[in-house]
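Understanding the architecture of this molecule
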Amino acid sequence: MNQFHISEDAAAFSKTVADWMVAYISKRLETQDRFTLVLSGGSTPKKLHELLAGEPYKSKIDWRRIHFFWGDDRFVPFNDDRNNAKMAFETLLDHVPVVKGQIHVMQTENITAPDSAKAYEAVLKAYFPSFDKSGSATTFDLVLLGMGDDGHTLSLFPGQTSVIHETEVLCTSLWLEQQEMHRVTLTHPIVNHSAAVAFLVIGANKVQALHEVLEGTYNPDKYPSQIIKPVQGELHWFLDQAAAAGIKH
Ligand SMILES: O=C(O)[C@H](O)[C@@H](O)[C@H](O)[C@H](O)COP(=O)(O)O
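Presented here is a report on the structure given in the accompanying data block. (Residues numbered from 1 in each chain as written. Predicted model: local features only at pLDDT ≥ 70, side-chain atom pairs only at ≥ 80, totals over all residues. Heavy atoms only, no water.)

1. Focus on the overall build of the protein chain
Helix and strand content of the protein chain: seven helices and nine strands. Overall, the protein chain is about 45 × 45 × 40 Å in size when its C-alpha atoms are taken along their principal axes. Residue pairs in contact within the protein chain that sit at least 24 positions apart in sequence constitute 76% of those at least 6 positions apart. Accessible surface for the protein chain amounts to roughly 10800 Å². Of this, 51% is attributable to carbon and sulfur atoms. The distance from the centre of the 22 positive side-chain charges to the centre of the 30 negative ones in the protein chain is 4 Å. (Helix = DSSP H or I, 4+ residues; strand = E, 2+ residues; numbered from the N terminus. Contact = heavy atoms within 4.5 Å. Areas by Shrake-Rupley, 256 points an atom, 1.4 Å probe, with all protein chains shown as cover. Lys, Arg positive; Asp, Glu negative; His and termini not counted. Charge placed at Lys NZ, Arg CZ, Asp CG, Glu CD.)

2. Quick word on the packing of helix α2 (residues 45-52) against helix α3 (residues 84-93)
Relative to each other, α2 and α3 sit at 35 degrees, their axes nearing to 8 Å. Contacts from Pro-45, Lys-46, His-49, Glu-50 and Leu-52 in α2 reach Met-87, Ala-88, Thr-91 and Leu-92 in α3. Across the contact of α2 with α3, the residue classes tally to five nonpolar, two polar and two charged. (Axes fitted to C-alpha atoms, helices over the stretch in contact; angles between N-to-C directions. Nonpolar A, V, L, I, M, F, W, Y, C, P; charged D, E, K, R; others polar.)

3. Here we look at the packing of aromatic side chains
Tallied over the entire structure, the rule returns eleven aromatic pairs. When the ring of Phe-69 is compared with that of Tyr-127, the centres are 4.9 Å apart and the planes differ by 85 degrees; the resulting orientation is edge-to-face. A residue pair is termed long-range when its members are at least 10 positions apart, and Phe-69 in strand β3 (residues 66-70) and Tyr-127 in helix α4 (residues 113-127) qualify at 58 residues. Accessibility assignment for this pair places Phe-69 and Tyr-127 in one class, buried. The interplanar angle of 5 degrees and the centroid separation of 4.2 Å between the aromatic rings of Phe-199 and Trp-237 together place this pair among those described as stacked. In this pair, Phe-199 sits in strand β8 (residues 196-201) while Trp-237 sits in strand β9 (residues 234-240), placing the two residues 38 residues apart along the sequence. (Phe/Tyr/Trp six-rings, centres within 6.5 Å; stacked < 30°, edge-to-face > 60°. Buried < 20%, exposed > 50% of the residue type's maximum accessible area, 1.4 Å probe, protein only.)

4. So, the pattern of salt bridges
Under the criterion given, the structure shown has twelve salt bridges. Here Asp-19 makes a salt bridge to Lys-15, at a shortest N to O gap of 2.8 Å. Linking Asp-19 with Lys-15, this pair stays in helix α1 (residues 10-28), spanning four residues, or about one helical turn. In this structure Asp-19 comes out as partly exposed when scored by relative accessible area, which is 32%. Lys-15 sits in the partly exposed class, given a relative accessible area of 44%. Between Lys-118 and Asp-115 there is a salt bridge, with its nearest N and O atoms 3.7 Å apart. Linking Lys-118 with Asp-115, this pair stays in helix α4, spanning three residues, or about one helical turn. One connected set of salt bridges, linked through shared partners, spans Asp-81, Lys-86 and Glu-90. (Salt bridge = Lys/Arg side-chain N within 4 Å of Asp/Glu carboxyl O.)

So, in structure tokens, the structure goes:
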């Protein structure tokens, strides 16, 4: 069931997400020791990260109990500005008291993309040993996802049919012709078995894609974000009014 959180503008959007995350993380940590959080790439999360890295949010989250992962990354060196992990460290992780051993970056140096995906799969299997795609075991506590103006999410891009429908591995790699780079990405099963998924989508340029993803014909090969359907978890859409202009909510 989609849960919508629509904010007036980008600034209010980041605050809405931050407030919700503080409450959600605190609630889950009342009954468990750790919180597994998947960060999204792209530009949308930057302001959210910067908000969380400052007061009052910084002291409201028990950072030492959070384990960090990425939904995908561009297969470029860490010091390349296109690298999602680099952005996350610069805007958040370098500014809050995280436990270094609980931050799981997708390797993009001194390894091939396929081997990086295999290495990440091993980390995921160590965290979620009982996960079985056909079962009901929960994986991550929260997966933050962006959505491109073409309806892609993670690195599941339109036309990348085998990656979109991949169910045998938890993490895979692909060659993205239009960006002339490899990508490493989680596949939909491990995301769809998480306790909660939160799409973060702002901007008028996302109106058409959001309308198609939410209200158009189901066609994940064309609109890959449609493949994200939590089995038992919550599905949240954090939007600004600009992006939400084309949907009934
Ligand atoms: O590595 C990436 O690019 C992301 O994981 C990707 O899925 C992103 O979330 C969307 O492209 C939205 O990006 P923006 O937030 O920049 O619009």
